[in-house]
Amino acid sequence: MKIIVVGGGLSGLAASVFLSEKGYKVTLLEASPKLGGRAYTIFEPDSGLEFDNGQHLLMGCYKSTLRFLKLIGAESEIERLPLRVPFIKPDKGISYLRAIDEFYPLNLIDAITNFDAVNWKSRLRILALMLKIRIGENDRELNVSVSRWLKNNNQTDEAIENFWKVLCVGALNADPEKASASVFKNVIKRIFFSGKEGYKFILPRKNLRAMYIEKSKDFILAKGGRIFLSDRVLEFRIDGGLITKIVTANNVYDDFDMVVTALPAHALSKINFNGSLSSGIPSLEYSPILNIHLFLEDNPFTEKYYALLGTDYHWLFNHGKYLSITSSSAGKLIKKNNADLLSELYSNLELFFPIFNRKSVRSFRIIKEKRATFVPSGERLLNNTGITAKVENLFIGGDWTIPELPATIESAVQSAENVSLEIFNSTRVND
Ligand SMILES: Cc1cc2nc3c(=O)[nH]c(=O)nc-3n(C[C@H](O)[C@H](O)[C@H](O)COP(=O)(O)OP(=O)(O)OC[C@H]3O[C@@H](n4cnc5c(N)ncnc54)[C@H](O)[C@@H]3O)c2cc1C
């Protein structure tokens, strides 16, 4: 069976890998000259610098992603870290959220009880809400924003600012005022209550190109698949309820049985479906991520990462040769010019880390990703069944297609795994 996968981001790469593994002949069509989509590595031949567009952190609860990494042989390229997150506040110093490895889930009680970035009252309130999440709760209560839900659940301002907001902005790339409580609760459940590996941070030992892209590409080609870059899909021609032709910038494809799209919703809505179908595709709001990479003469930082409290520069990841500072939900910041951003960042770093000296920065790169992820708000309409019901051989993946999750590598790969299973089950029945 021949399958065309449209879109070479992580969702399209994962779908191509899962399908190739099951013996389907895959042709992957990617509009841009590179694979990886929103997760890519920049190489500058002149300076020799190589860095990712932004830090891509995995969590132990990313089960589909871990299966994908195993399949492409990248399992040994990741480092699973115990829960030990340094939260920094200039006036308070470092507070750790850390858990011992034994006695899960009771170790989480210990972790929160000892989390002194917030006072005792706040810790008890956090624990009470964690318990409520663990037990499960009435879903009607969740049809609100994260901030409303936290208030409804008696969280103190301090607990919201120094704990819940860090989780919400970091994991959902959305402000608590906009993000859906239901999606947030699902994420918290997956992170803390899906087993003792779930809350571990997983850091790639290599960049995105070496971790995912090259290995996926090699896997697909080794299984007899084909990859065409700079070949944007423009139109699906539909006949008798099936896609029979795919018109791209360079070609017309008609030798396939099924089509998988692995595109963001805004890109899918630009494809012409014989003029009849684009109505089921939701119009989503997007949220930016700002990353500033600092290449240093000397690196005085000792931890692998830090959560910075009370600033718009949320995380610092220490890559040894360089630092990546990430600002999520960065709508306001990305409007600033680079000189202002840099000077603001330096002032912040000097305040948070007296060991930091701006003179030790050799060079910097500022990457603004305007449509990094969609905003997982309550209004998000995620009903794509209208499209697939009308077109029998079309399967839709991409990070936005799993209603209960935000836009992450995991939702991209999980959607690819779901689509591959759907195809496998449908063709097995037909056989
Ligand atoms: C800076 C940044 C940091 C992030 N950090 C994290 C993180 O720490 N952890 C995490 O889990 N997630 C993170 N994410 C989110 C994660 O990168 C995305 O959710 C995921 O990569 C989305 O993959 P996708 O395949 O669904 O979509 P995309 O990556 O958008 O891929 C879609 C592909 O389709 C192609 N395309 C578009 N139109 C067409 C067409 N007509 N024909 C053919 N091809 C087309 C595009 O060029 C693109 O390559 C981050 C994202 C960004 C931008």
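Residues numbered from 1 in each chain as written. Predicted model: local features only at pLDDT ≥ 70, side-chain atom pairs only at ≥ 80, totals over all residues. Heavy atoms only, no water.

Draft legend 1. Expanded view of the domain arrangement of the protein chain. Each assigned domain of the protein chain is listed here: domain 1 (2–52 + 63–71 + 206–283 + 381–430), domain 2 (101–197) and domain 3 (286–374). Distance from the C-alpha centre of domain 1 to the C-alpha centre of domain 2: 33 Å. Domain 1 puts eight residues into the contact, and the matching count from domain 2 is seven residues. The contact between domain 1 and domain 2 buries some 530 Å² in all, and 52% of this surface belongs to carbon and sulfur atoms. The largest contributions to the domain 1 side of the interface with domain 2 come from Glu404, Leu405 and Pro406, which together make up 66% of the buried area. Across the contact surface, domain 1 and domain 2 share zero salt bridges. Taken together, the links from domain 1 to domain 2 amount to two residue pairs in polar contact (both at pLDDT 80 or more). Class assignment of the residues belonging to the side of domain 1 that touches domain 2 gives a composition of three nonpolar, two polar and three charged. (Domains from an automatic or database assignment. Contact = heavy atoms within 4.5 Å. Buried area = accessible area lost by both parts, 1.4 Å probe. Salt bridge = Lys/Arg side-chain N within 4 Å of Asp/Glu carboxyl O. Polar contact = N/O pair within 3.5 Å; in protein donor to acceptor, adjacent residues only side chain to side chain. Nonpolar A, V, L, I, M, F, W, Y, C, P; charged D, E, K, R; others polar.)

Draft legend 2. Looking closely at the site of the ligand. In the vicinity of the ligand, 33 residues are found, and the nearest of them are Glu30, Arg38, Leu57, Tyr62 and Asp399. Contact distances for the ligand include 2.7 Å between an oxygen atom and a side-chain N or O atom of Tyr62. Here a nitrogen atom of the ligand and a backbone polar atom of Val233 are 3.0 Å apart. Expressed as a share of its isolated accessible area of 1,000 Å², the protein-covered part of the ligand is 91%. At the level of elements, helix 1 (10–21), strand 16 (286–296), strand 20 (361–374) and helix 12 (409–430) are the ones that each hand at least two residues to the shell around the ligand. A class-by-class count of the residues in the shell around the ligand yields 16 nonpolar, twelve polar and five charged. Taken together, domain 1 (2–52 + 63–71 + 206–283 + 381–430) and domain 3 (286–374) each give at least three residues to the shell around the ligand, which thus spans both. (Near = heavy atom within 4 Å. Areas by Shrake-Rupley, 256 points an atom, 1.4 Å probe, with all protein chains shown as cover. Helix = DSSP H or I, 4+ residues; strand = E, 2+ residues; numbered from the N terminus.)

Draft legend 3. Broad picture of the sheet that holds strand 16. In space, the seven strands of this open sheet follow the order 8-7-17-18-19-16-20, with mixed pairing throughout. Strands at the two margins of the open sheet, each flanked by one partner only, are strand 8 (93–98) and strand 20. The mean angle between the axes of side-by-side strands here comes to 25°, regardless of whether they run parallel or antiparallel. Of the strand pairs in this sheet, strand 18 (residues 315–318) and strand 19 (residues 322–327) are connected by four bridges, and their pairing is antiparallel. Paired with Phe317 across the bridge in strand 19 is Ser324. Along the sheet, helix 6 (residues 157–172) makes contact with strand 7 (84–89), strand 8, strand 17 (305–308), strand 18 and strand 20, crossing strand 7 at roughly 115°. (Pairing = 2+ DSSP bridges. Axes fitted to C-alpha atoms, helices over the stretch in contact; angles between N-to-C directions.)

Draft legend 4. Structural view of helix 6. Here helix 6 spans only 20 Å end to end across 16 residues, well under the 22 Å set by a 1.5 Å rise per residue. A bend of about 45° at Trp164 is the largest found in helix 6. Within helix 6, burial applies to Ala159, Ile160, Asn162, Phe163, Trp164, Val166, Cys168, Val169 and Leu172. (Expected span 1.5 Å × (residues − 1). Bend = angle between axes of the 7 residues up to and from the residue. Buried < 20%, exposed > 50% of the residue type's maximum accessible area, 1.4 Å probe, protein only.)

Draft legend 5. Expanded view of the pairing of strand 21 (residues 394–397). Here strand 21 shows no split at all, with Leu394 and Ile396 on one side and Phe395 and Gly397 on the other all buried. Pairing of strand 14 (residues 258–262) with strand 21, which is carried by four bridges, proceeds in the parallel orientation. Paired with Ala262 across the two strands is Gly397, which belongs to strand 21.

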